[in-house]
2 protein chains.
Amino acid sequence: MTAQHGTTPGTRRRSEASRRAILTAAFELVGEVGYAKLSIEGIAARAGVGKQTIYRWWPSKGAVLFDAFLMLSEGEGDSPALPDTGDLEADLKSVLRATVAELNDPRYDEPMRALNTEIPHDPALAAAYAERLDRPMKELKKRRLRSAQRAGQLSGDLDLDVAIEMLWGPLLNRWLQRSGPLTPEYADTVVETALKGLRPR
Amino acid sequence: MTAQHGTTPGTRRRSEASRRAILTAAFELVGEVGYAKLSIEGIAARAGVGKQTIYRWWPSKGAVLFDAFLMLSEGEGDSPALPDTGDLEADLKSVLRATVAELNDPRYDEPMRALNTEIPHDPALAAAYAERLDRPMKELKKRRLRSAQRAGQLSGDLDLDVAIEMLWGPLLNRWLQRSGPLTPEYADTVVETALKGLRPR
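All residue numbers here refer to positions counted from 1 along the written sequence of the relevant chain. Think of it this way: whatever chain is written first is A, whatever ligand is written first is 1, and the rest follow in order. Only residues with pLDDT of at least 70 are given local features in this predicted model, and only at 80 or more are side-chain atom pairs given and counted; all residues enter the totals for whole chains, interfaces and linings. Processing note: side-chain calculations cover all non-hydrogen atoms of the structure and skip hydrogens and water entirely.

This paragraph deals with the overall build of chain A. Counting secondary structure elements, chain A contains 9 helices and 0 strands. Seen through its principal axes, chain A has C-alpha atoms that stretch 65 × 35 × 25 Å. Each of the 201 residues in chain A was classed as buried or not, and the buried ones make up 50%. A contact between two residues is defined here by any heavy atoms of the two lying within 4.5 Å. For chain A, long-range pairs separated by at least 24 residues make up 64% of all intrachain contacts whose partners lie at least 6 apart in sequence. What sets the accessible areas is the Shrake-Rupley method with a 1.4 Å probe; for residues, cover comes only from the shown protein chains. Surface accessibility of chain A: about 9500 Å² in total, with carbon and sulfur atoms responsible for 52%. Asp and Glu are treated as the negative residues and Lys and Arg as the positive ones, with His and the ends of the chain left uncounted. By convention, the point assigned to a charge is CZ for Arg, NZ for Lys, CD for Glu and CG for Asp. The positive charge centre, built from 28 side chains, and the negative charge centre, built from 28, are 3 Å apart in chain A. Per the convention used, a helix needs a DSSP run of H or I reaching at least four residues, while a strand needs a run of E reaching at least two, with both numbered from the N terminus. For every residue, the accessible area (1.4 Å probe, protein chains only) is compared with the maximum for its type, and the residue is labelled buried under 20%, exposed over 50%, or partly exposed between those bounds.

Another point: the packing of helix α5 (residues 88-104) of chain A against helix α9 (residues 184-196) of chain A. All names here are of chain A. Whenever a helix is involved, its axis is fitted only over the stretch in contact; in every case the axis is a line through C-alpha atoms, and angles between N-to-C directions fall within 0 to 180 degrees. The interhelical angle for the contact between α5 and α9, taken along N-to-C directions, is 140 degrees, at an axis separation of 8 Å. Relative to α9, the element α5 is oriented oblique. Considering how the two elements wind past one another, α5 and α9 form a crossing that is right-handed. Across the interface between the two elements, Leu88, Glu89, Leu92, Lys93, Leu96, Arg97 and Val100 from α5 touch Pro184, Glu185, Ala187, Asp188, Val190, Val191, Glu192 and Leu195 from α9. Each residue is assigned to one class: nonpolar for Ala, Val, Leu, Ile, Met, Phe, Trp, Tyr, Cys and Pro, charged for Asp, Glu, Lys and Arg, and polar for all the others, Gly among them. For the contact of α5 with α9, a count of residues per class yields 9 nonpolar, no polar and 6 charged. For classification, angles of less than 35 degrees are called roughly parallel, those exceeding 145 degrees roughly antiparallel, those between 65 and 115 degrees roughly perpendicular, and all remaining angles oblique. In this scheme the crossing of two helices becomes right-handed for a clockwise turn of the near helix relative to the far one and left-handed for an anticlockwise turn of less than a right angle.

A few words now on the packing of aromatic side chains. Residue and element names in this part refer to chain A. Working definition: rings of Phe, Tyr and Trp (its six-membered ring) pair if their centres are within 6.5 Å, and the pair is stacked with planes under 30 degrees apart, edge-to-face with planes over 60 apart, and tilted otherwise. Per the stated rule, a full pass over the model turns up 6 aromatic pairs over all chains. Consider the rings of Trp57 and Trp58, whose centres lie 5.7 Å apart with planes at 85 degrees: the pair is edge-to-face. Each member of the pair, Trp57 together with Trp58, is buried. Here the aromatic cluster, defined as three or more aromatic residues joined through ring pairs, consists of Phe27, Phe69 and Tyr108. Charges are assigned to positions over rings by a cutoff of 6 Å between ring centre and Lys NZ or Arg CZ, combined with an angular limit of 35 degrees from the ring normal. Looking at Arg56, its charged tip hangs above the ring of Trp57, at a distance of 5.9 Å from the centre.

As a further point, take unusual backbone geometry. Here Arg178(A), not a glycine, exhibits a phi torsion of approximately 50 degrees, which is positive. By the element assignment, Arg178(A) lies in the loop between α8 (160-177) and α9.

With that settled, the discussion passes to the UniProt feature "DNA-binding region" (unreviewed entry) in chain A. UniProt positions are given in the numbering used here, feature names are shortened, and annotations may be inferred rather than shown by experiment. Mapped onto the present numbering, the UniProt feature "DNA-binding region" (unreviewed entry) falls at residues 39-58 of chain A. Annotated as 75% helix and 0% strand, the span residues 39-58 of chain A places its first and last C-alpha atoms 13 Å apart.

Superposing the two chain copies requires a rotation about an axis and a translation along that axis. Here the copies are superposed with least squares, the fitted atoms being C-alpha atoms of residues at a pLDDT of at least 70 in both. For the pair chain A and chain B, the relating rotation is 180 degrees, the translation along its axis is 0.0 Å, and the fit reaches an RMSD of 0.1 Å. The symmetry that links the two subunits is that of a two-fold axis. Across chain A, the rotation axis passes nearest the C-alpha of Gly197(A), at a separation of 1.7 Å. Interface overlap between copies: 100% of the residues of chain A at the interface are likewise at the interface in chain B, consistent with a symmetric, same-surface contact.

Take the interface of chain A and chain B next. Between chain A and chain B, the contact holds 42 residues from the first and 43 residues from the second. Summing both sides of the interface, chain A and chain B together bury roughly 4000 Å²; the carbon and sulfur share of this comes to 56%. Looking only at chain A, the three residues that lose the most surface to chain B are Met166(A), Leu198(A) and Arg199(A), adding up to 19% of its buried area. A side-chain nitrogen of Lys or Arg and a carboxyl oxygen of Asp or Glu constitute a salt bridge if their distance falls within 4 Å. One can count 4 salt bridges joining chain A with chain B. Arg199(B) is the partner of Glu89(A) in a salt bridge, and the nearest nitrogen-oxygen pair spans 2.8 Å. Two parts placed together each lose some accessible area under a 1.4 Å probe, and adding up what both lose gives the buried area.

This is the structure in C-alpha cells:
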C-alpha cells in the first residue's frame, strides 16, 4: 500500500511529486463526486499521470484514498499528544469538540465517510487502517487516560478500550448515521455522561 | 419504498407472493455475493420475476434490501418490549448479549453490513431507516430506561439518546470496524462501564 520510489535522487523526486499529485487528486475528487463514482481513471486524469502509474503503486481506489489520509495526517506533523492540563473533563471536552469540528468540516465529510464505509467491506484496508491510523491514535488516547488513572481521576480497573469506545464511539455513530445533531454541546454531554455514568451518584 | 399492491384479491395475492420472493432473494443474494455485486438483475433472476417488476416497486437495490429487513422484523411479530425484571444491569446485559449474538450470526452479517454502509451515502434510505426501524427500536429502549429512572436506578436528568448511544454504540462500532472481539463478556463490560461511569465511585 506504500508507494515504491525510484532509486536515483531525480527519479525519487519525480515519483514523490506524482505520488502527491495522485493523493491530492483522489482526496479532492471523492469530495466532488462521491466514493461510488471515484475511479482510478478519474484520479489519473486529474493528477496528470497515466492509469498504470497508479496501478503500479496501489491495488484499489480505497488504498489510494487511505494513503491520501495518511499524507494529510503526516502534513500535520507527528500526531500530537492529547492535552494534559490535569483537568481530565476539560481536556476531553476540548478534544471531542475538535473531533466534532473535523467531522462537520465539508472538506473531510465525504472522504471520511467513504473510508469508514469501505473498511467494513475490505479486510486488507481494515487491517491497514487499524495498524497505521487507528492504533497510533488509540495509543495517544490511552496515554492520556493512564495519566488520569495515576491522578485518581479514573477507575484503576477500567478497560481502556471500552472507555475510548464510550467517549469517541457516540460521535462517530451520530456522524455516520446522521442520527442527531453533532454539536459542541453534544460532545460535552458525552464526556459528562461517560465520566459520571448512567447510575445516580 | 412500499410495494404497491393490485386491487383485486387475486392480484393482491400474486403481488404479495412476488414481493416476498424478491425480498427473500435480495437477502440471500447479498449474503452470497456481497453488496457491491448485488444487482437488480440478479435479484430478479433469483426471484423468477422480471426486472421491471422490481423497478416498479423499488427505486434502488438499497431500498429492496431495506424492505427485506422490514419483512424479517415483521416476521418476528411486533417488536417486543425490552425485559424489565427490575434488575436494570441484568436486563441490559441480556439484551446486549442478544445483540452480540445477532451481529455474530453469519446469515445477518453481510446484509446488515451492507445496510449500515449504504445508509451514510443515501439520505433517502437513511430517513426511511430512522423512521421505520431505528425510531421504534429506540422508543422501546427509552421505555426501559425511563422505568429504571422511576425506580431510581438511573440519573433523573440523563439524556436518554446519549445513554442509548453509550450502551449500543460500542457494539455497533466494534462489529462494523472489526476493531476487537465481539463477545458476551464484552457486552457485560460495556453495560457495567456505562452504568458505573469512568470516574471512581
